[in-house]
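If you want the building blocks of each chain, they are given just below.
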Amino acid sequence: MTDNDGLNKKLFGENFHFGVSTAAYQIEGAHDADGKGPSIWDVFTTNKGKILNGDNGSIACDFYSRYPEDLRLLKQLNIPNFRFSIAWSRILPQGFGKVNQKGIDFYNRVIDTCLELGVQPWVTLYHWDLPQALEAKGGWTNREIVAHFSDFSTLCAKFFGDRIKYWMVMNEPTVFTGAGYFFGIHAPGRRGMKNFLPAVHHAALSIAEGGRALRSALPSGTEIGSTFSCSYVEPYSTKSRDERAARRVDALLNRLFIEPSLGMGYPVQELPALKKIEKYFVKGDEEKLKFDFDFVGLQNYTREIVKHSFFVPYLGAKLVAAEKRKVDVTAMKWEVYPPAIYQMIKQFDRYPGIRKIIVTENGAAFPDSVVDGEINDVRRIDYLERHLLEVLRAKNEGCKVEGYFVWTLTGNFEWAEGYGPRFGLVHVDFVTQKRTIKNSGYRFANFLDA
């Protein structure tokens, strides 16, 4: 990557963190091995028509068995930081109560292998795979989950905190509450504001409580963050109603969780439909929502163009599909728009309460073809390079951005899209489990070797 418009690793500084990100359900497989309990995704994927081609993550990349091979790939590709998540139901099959020692042992092996290879492990506590036993009690709509999540956080700190320096409490709460508890297109498949609003509030409380649990249990010098999805939002036109619609969508996509954690409360003024969330407050919640993170993880892939729509309830806005706008898109039908990551870093950097920004996910799914054992994924290379340049632009302008993680290491189970879209720097044949490093992987390795 060092030959693209002067892009060079050294320009980011010696202390800039480069890495790749993964998630337990998307790569581990072994869905019922060694005492693991079912998660909401184990159950949701059994529902006909919910996942493209009827796919599921029961085997996925078989990282549970093949982690030594995949971690050696990190070393081969010069990748110094590896972000992965801990499957809650692998540690606590019921979500609370009896601990599954074999689950603890697995993550200890992963962590120890990373360290032996000179790779820094970064842990995400929750990446969407809620234990099904907790969902049966209401999942994120039940306030009891806040205490359960705090206990899970403390447990992980106890077993892994001596070796993990970087922790992320949750991954993209806007996505798992919106897709899982309003639209019903992700696990657990619930719909409507009656599910969405309590899920949002309890997830927001859990982010802060999880952060406090970690901080009280971990040694000094440990860094605690949480990751937030974000998309740069622009109005379709200069009409005032489109501009207002864009502000509402921005409040929903980009401000819903970060602002409560900063002590600013929910963005009710821009998004009046959130007013009813107060129904789920109890005394003291305003303070309990706050947590002073050491860093904030931003996860950006695209931008959204928004126009007013009278017919969309609560939001009064709709997205103008990238395909209709005749722009370059990925296999996920997301617009390729590198300046979006620059704009989102700038937007989050303006919050005075944010100390440090790490781009904890950025990447692209494109069709991959294996030809004579080689995958020449030029579009992915171009995507990553152009986004890295935008991150560098933000850094050079003084933004507090100190890391960039590619999504992802290997092709994996991509939630509702199954195994169709491929994001990884490494191709996986899901029949044979053969790994093939793509040209983007080699390119990234060369960049990191500078």
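Keep in mind it's a predicted model, so treat the numbers as computed, not measured. Counting starts from 1 at the beginning of each chain's written sequence and moves along it residue by residue. In keeping with the model being predicted, local features are shown solely for residues with a pLDDT of at least 70 and side-chain atom pairs are shown and tallied solely at 80 or more, while totals for entire chains, interfaces and linings include all residues. Only hydrogens and water are removed before side-chain values are computed, so all heavy atoms of the structure are retained for them.

*Asks:* Where do I start with the pattern of salt bridges in this structure?
*Replies:* Should their charged atoms come close, side chains of opposite charge can pair. Take a side-chain nitrogen of Lys or Arg and a carboxyl oxygen of Asp or Glu: if they are within 4 Å of each other, that pair is a salt bridge. Evaluated as defined, the whole model comprises 32 salt bridges. Across the salt bridge formed by Arg66 and Asp62, the nearest N and O atoms sit 3.3 Å from each other. A relative accessible area of 27% means that Arg66 is categorised as partly exposed. Note on exposure labels: buried denotes an accessible area under 20% of the residue type's maximum, exposed denotes more than 50%, and partly exposed covers the range between, all computed with a 1.4 Å probe on protein chains only. Given the relative accessible area of 18%, Asp62 is considered buried. Notably, a salt bridge pairs Asp368 with Lys438, separated by 2.5 Å at the nearest N-O pair.

*Asks:* How should the packing of aromatic side chains be read in this particular structure?
*Replies:* For any pair of aromatic rings, the description rests on two quantities: the centre-to-centre distance and the angle between the ring planes. Here a Phe, Tyr or Trp ring, Trp counted by its six-membered ring, pairs with any other such ring whose centre lies within 6.5 Å, and the pair is stacked when the planes are under 30 degrees apart, edge-to-face when over 60, and tilted otherwise. Taken as a whole and assessed by the stated rule, the structure comprises 48 aromatic pairs. A centroid spacing of 6.4 Å and a plane angle of 85° characterise the contact between Phe63 and Phe106, whose relative ring orientation is edge-to-face. One end of the pair, Phe63, is in helix H3 (residues 63-76); the other, Phe106, is in helix H5 (residues 101-116), and 43 residues separate them in sequence. You'll find Phe63 and Phe106 in the same group, each marked buried. Between Tyr107 and Phe160, the ring centres sit 6.3 Å apart and the planes meet at 75°, which makes this aromatic pair edge-to-face. Helix numbers and strand numbers start at the N terminus; a helix is a DSSP run of H or I with at least 4 residues, a strand a run of E with at least 2.

*Asks:* How should the sheet that holds strand E6 (residues 232-235) be read in this particular structure?
*Replies:* What links the strands of a sheet is backbone hydrogen bonding, and the strands pair in either a parallel or an antiparallel sense. Overall, mixed pairing links the three strands, which are arranged E6-E8-E9 in an open sheet. Of all the strands in the sheet, the pair left with one neighbour each is E6 and strand E9 (317-319). Taken over all neighbouring pairs, the strand axes of this sheet differ in orientation by 35° on average, direction set aside. Here E6 runs beside strand E8 (residues 303-308); their pairing, made up of four bridges, is parallel. Of the residues in E8, the one forming a bridge with Glu234 is Ile305. Any two strands with at least two DSSP bridges between them are considered paired. To obtain an axis, a line is fitted to C-alpha atoms, over the contacting stretch when the element is a helix, and the angle between two such axes runs from 0 to 180 degrees between their N-to-C directions.

*Asks:* Can you walk me through the packing of helix H8 (residues 173-181) against helix H9 (residues 193-217) in this structure?
*Replies:* Helix packing geometry: the angle between the two helix axes and the distance between the axes. Interhelical geometry of H8 versus H9 gives an angle of 155° and a closest axis separation of 9 Å. For the element pair H8 / H9, the angle class is roughly antiparallel. The chirality of how H8 crosses H9 is right-handed. Where H8 abuts H9, its residues Pro173, Phe176, Thr177, Gly178 and Tyr181 lie against Asn195, Phe196, Ala199, Val200, Ala203 and Ile207. Only Asp, Glu, Lys and Arg are considered charged in this grouping, and only Ala, Val, Leu, Ile, Met, Phe, Trp, Tyr, Cys and Pro are considered nonpolar; every other residue, Gly among them, is considered polar. Its residues placed into classes, the contact of H8 with H9 shows eight nonpolar, three polar and no charged. Under this scheme an angle from 65 to 115 degrees is roughly perpendicular, one under 35 degrees roughly parallel, and one over 145 degrees roughly antiparallel; angles in between are oblique. Left-handed describes a crossing whose near helix is turned anticlockwise from the far helix by less than a right angle; the clockwise case is right-handed. Residues are treated as being in contact if the distance between any of their heavy atoms lies within 4.5 Å.

*Asks:* Explain H3 to me, please; I cannot follow it from the model alone.
*Replies:* At 3.6 residues per turn, the α-helix brings residues three or four places apart onto the same side. Residue count minus one, scaled by 1.5 Å, sets the expected span of a helix. Here H3 contains 14 residues, and its C-alpha end-to-end distance of 17 Å is more than 12% below the 20 Å for a straight helix at 1.5 Å per residue. At Glu69, H3 is bent by approximately 35°, the largest bend along its length. Restricting attention to buried positions, one finds in H3 the residues Phe63, Tyr64, Tyr67, Asp70, Leu71, Leu73 and Leu74. To get the bend at any residue, fit one axis to the seven residues that end at it and another to the seven that begin at it, then take the angle between the two axes.

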